[in-house]
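# Observations on chain architecture
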Amino acid sequence: MARGRIATPEEEEEERDHKEESSRKKRRTANGKKASTSADADGNGSDSEGPLGEDEQETAAALRGWTVGTFTDKPVQATKVVLQQLRRSQDLLQSQIGAMETSVGKIQDVACALEDCRWGLPAKFSSKSKASSSKMKTKSARGETDGNDDEQEDPESETGVDEATEKRNEATAKSLEDKVKQLIDEIKIIDCRMKAVGEIISVLQQEEQVENMAAEMRRRFEKILGNYVKASDWTKYKNDKLYKDFKQAVWDIRHVDEACPPVSTFLEKGPDDPESDDDDIEMGGTTQDYKCPMTLMPYENAVSSTKCPHSFSAAAIREHITQSSRRSAKCPVAGCDKMLSLSDIKPNAMLQKKSDQVKARQLRRREEEEAADAEDAELIE
């Protein structure tokens, strides 16, 4: 970039991406060194809690290959190695949950892209469908319909595509949602296992021994999981944040200015679920306008506060802060009393991406409507 020239938003975003990638590489390198150090510590019998004796080193070597059979009908004592291994098991389970949550996010992106294709068709397709419909209405009003098949309205769905294609799209959308539900179920099961491990750790710390680790772990896991697996979709997902976020994101594709209904309305109840929700009133989602509360325009280089849940266009909030006589200024959103400094404002690439997508969809739909209106006017003339 030439000296003295102001960077464009695209250049700033590219520079941010480059810095984030460099930061990720440094973290991966650091984690690799940490893992290597940890492995050396295990082999040498030393860790943050002090060196291990010969007996404990032998125990540590045996525990590296833990299986259910390792603990069946065998007492386990609260040794340092056992507690460390249980905590590592918790960490591993947590990393699996993180990976699955990432997968849910990727499926959500695919579902949103599919919904955008279904309801955000290029103008040449949607305007053609609208023009065909308008032409039929005009002829009908004039009494000029002649029953000619060529003059009949195309058997297209509301999305402007043929019925067979729309059925395939619906099937794909349903399969994506089913995959999200499956991942949520797996996350729930892993979370229950992680909690069971946590309870075992507490028992060992208090009682110093568990008589039958395998049986005790299974008993606690089943108690925590309860009847979740057999429960209805309504019971399992109506309060699940991942599912709510998924439905909200897909809903926003078509209903930019309309709040998403309660997710329970999308879910099927089971025979044991209550017929009425009178005792548990659920609020619907919020309307997402993706506009800066200061400029009332779509976000430009969106940034978010680390001290409050508010986001702004970068230039607007920075000007607000720098104009203050102090190094910080009160959050400009009504009712928020947090004091913000420039260091409290961080780029929000995901919010900017969503704002750009909404802006593009709105522009495209306006163009489609204008094209359809122009064709309607020509037909009437």
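The structure displayed is predicted, hence computed values, not measured ones.

### Examining the overall build of the protein chain
- Check the secondary structure of the protein chain and you find eleven helices and seven strands.
- Put simply, the protein chain has 381 residues, and 34% of those count as buried.
- Looking at the protein chain alone, contacts between residues at least 24 apart form 65% of all its contacts between residues at least 6 apart.
- Accessible surface computed for the protein chain: about 24300 Å², of which carbon and sulfur atoms make up 50%.

### Examining the nonpolar core
- By size, the foremost hydrophobic cluster in this structure holds 40 residues, and its most contacted members are Leu86, Val180, Ile184, Leu204, Met213, Tyr237 and Tyr243.
- At the level of elements, helix 4 (80–119), helix 6 (163–207), helix 7 (213–225), helix 8 (233–237) and helix 9 (241–254) are the ones that each hand at least two residues to this core.
- Here the element with the most residues in this core is helix 6; it accounts for 14 residues.
- Counting residues in hydrophobic clusters, the runner-up holds 18 residues, among them Ala314, Ile321, Cys336 and Leu340.

### Some words on the packing of aromatic side chains
- This structure, assessed with the given rule, holds two aromatic pairs.
- The ring of phenylalanine 221 is capped by arginine 193, whose NZ or CZ atom sits 4.1 Å from the centre of that ring.
- Between lysine 247 and the ring centre of phenylalanine 266, over which it is positioned, the NZ or CZ distance is 4.4 Å.

### With respect to the packing of helix 6 against helix 7
- Here helix 6 crosses helix 7 at 130 degrees, and the two axes come no closer than 8 Å. Between helix 6 and helix 7, the angle is such that the two are oblique. Crossing hand, helix 6 versus helix 7: right-handed. Residues Lys188, Ile189, Cys192, Arg193, Lys195, Ala196, Val197, Glu199, Ile200, Val203 and Leu204 of helix 6 lie in contact with helix 7, whose contacting residues are Met213, Glu216, Met217, Arg220, Phe221, Ile224 and Leu225.
- Within the contact of helix 6 with helix 7, the residues separate by chemical class into twelve nonpolar, no polar and six charged.

### Some remarks on a negative patch on the surface
- A cluster of acidic side chains, namely Glu367, Glu369, Glu370 and Asp373, defines a negative patch on the protein surface.
- As for its position among the elements, glutamate 367 is in helix 11 (residues 349–380).
- Among the residues examined, glutamate 367 registers a relative accessible area of 43% and is labelled partly exposed.

### Regarding helix 10 (residues 314–322)
- Buried within helix 10 are the following residues: Ala314, Ala316, Ile317 and Ile321.
- Where helix 10 is buried, its residues touch strand 3 (302–305), strand 4 (311–313), strand 5 (328–330), strand 6 (339–341) and strand 7 (345–347).

### Side note on unusual backbone geometry
- The residue leucine 296 is not glycine, and still its phi comes out positive at about 60 degrees.
- By the element assignment, leucine 296 lies in the loop between helix 9 and strand 3.
- With a relative accessible area of 59%, leucine 296 lands in the exposed category.
- In this structure, asparagine 301 takes a positive phi of about 55 degrees despite not being glycine.
- When you line up the elements, asparagine 301 lands in the loop between helix 9 and strand 3.
- Residue classification places asparagine 301 among the buried positions, given a relative accessible area of 17%.

### With respect to the sheet that holds strand 7
- With respect to topology, three strands assemble into an open sheet ordered 4-3-7, the strand pairing being antiparallel. The outermost strands of the open sheet, each flanked by one partner alone, are strand 4 and strand 7. Going from strand to strand, the sheet's axes swing by 35 degrees on average, the running direction of each strand aside.
- By the bridge criterion, three bridges tie strand 3 to strand 4 in an arrangement that is antiparallel. By the bridge assignment for strand 4, serine 304 is matched with serine 311.
- Seen against the sheet, helix 10 touches strand 3, strand 4 and strand 7 and runs at an angle of roughly 100 degrees to strand 4.

### A look at the confidence of the model for the protein chain
- On average, residues of the protein chain carry a pLDDT of 75, and 67% of them reach 70 or more.
- The spread of mean pLDDT over the elements of the protein chain runs between helix 5 (residues 123–142), the lowest at 44, and strand 4, the highest at 93.
- Confidence drops under pLDDT 50 across residues 34–49; counting only partners more than four residues distant or on other chains, this segment forms 20 contacts.
- Segment residues 149–157: pLDDT under 50, and 15 contacts once partners within four positions in sequence are set aside and those in other chains are kept.

### So, the environment of isoleucine 189
- If you trace the backbone, isoleucine 189 turns up in helix 6.
- Judged by relative accessible area, isoleucine 189 falls into the partly exposed class, the value being 26%.
- Remark: the alpha-carbon pair of isoleucine 189 and glutamate 222, spanning 33 residues in sequence, is separated by 9.7 Å.
- Not counting residues within four places of it along the chain, the set of residues in contact with isoleucine 189 comprises Phe221 and Leu225.

### Overview of the pattern of salt bridges
- Summed over the entire model, instances satisfying the criterion amount to twelve salt bridges.
- Between glutamate 216 and arginine 220 there is a salt bridge, and its shortest N-O distance comes to 2.7 Å. One end of the pair, glutamate 216, and the other, arginine 220, are both in helix 7, four residues apart, so they sit about a helical turn from each other. Judged on exposure class, the residue glutamate 216 and its partner arginine 220 are both buried.
- The salt bridge involving aspartate 344 is made with lysine 307; its shortest N-O contact spans 3.4 Å. Placement of the pair is aspartate 344 in the loop between strand 6 and strand 7 and lysine 307 in the loop between strand 3 and strand 4, with a sequence separation of 37 residues.
- Judged by its relative accessible area of 9%, aspartate 344 falls in the buried class.

The rules behind the values
- Residues numbered from 1 in each chain as written.
- Predicted model: local features only at pLDDT ≥ 70, side-chain atom pairs only at ≥ 80, totals over all residues.
- Heavy atoms only, no water.
- Helix = DSSP H or I, 4+ residues; strand = E, 2+ residues; numbered from the N terminus.
- Buried < 20%, exposed > 50% of the residue type's maximum accessible area, 1.4 Å probe, protein only.
- Contact = heavy atoms within 4.5 Å.
- Areas by Shrake-Rupley, 256 points an atom, 1.4 Å probe, with all protein chains shown as cover.
- Core = buried A, V, L, I, M, F, W, Y, C linked by side-chain atoms within 4.5 Å.
- Phe/Tyr/Trp six-rings, centres within 6.5 Å; stacked < 30°, edge-to-face > 60°.
- Lys NZ or Arg CZ within 6 Å of the ring centre and 35° of its normal.
- Axes fitted to C-alpha atoms, helices over the stretch in contact; angles between N-to-C directions.
- Parallel < 35°, antiparallel > 145°, perpendicular 65-115°, else oblique.
- Left-handed = near helix turned anticlockwise from the far one by under 90°.
- Nonpolar A, V, L, I, M, F, W, Y, C, P; charged D, E, K, R; others polar.
- Patch = residues over 30% accessible without salt bridge, like charges linked within 9 Å, V, L, I, M, F, W, Y side chains within 5 Å.
- Salt bridge = Lys/Arg side-chain N within 4 Å of Asp/Glu carboxyl O.
- Lys, Arg positive; Asp, Glu negative; His and termini not counted.
- Charge placed at Lys NZ, Arg CZ, Asp CG, Glu CD.
- Pairing = 2+ DSSP bridges.
- pLDDT = per-residue confidence, 0-100.

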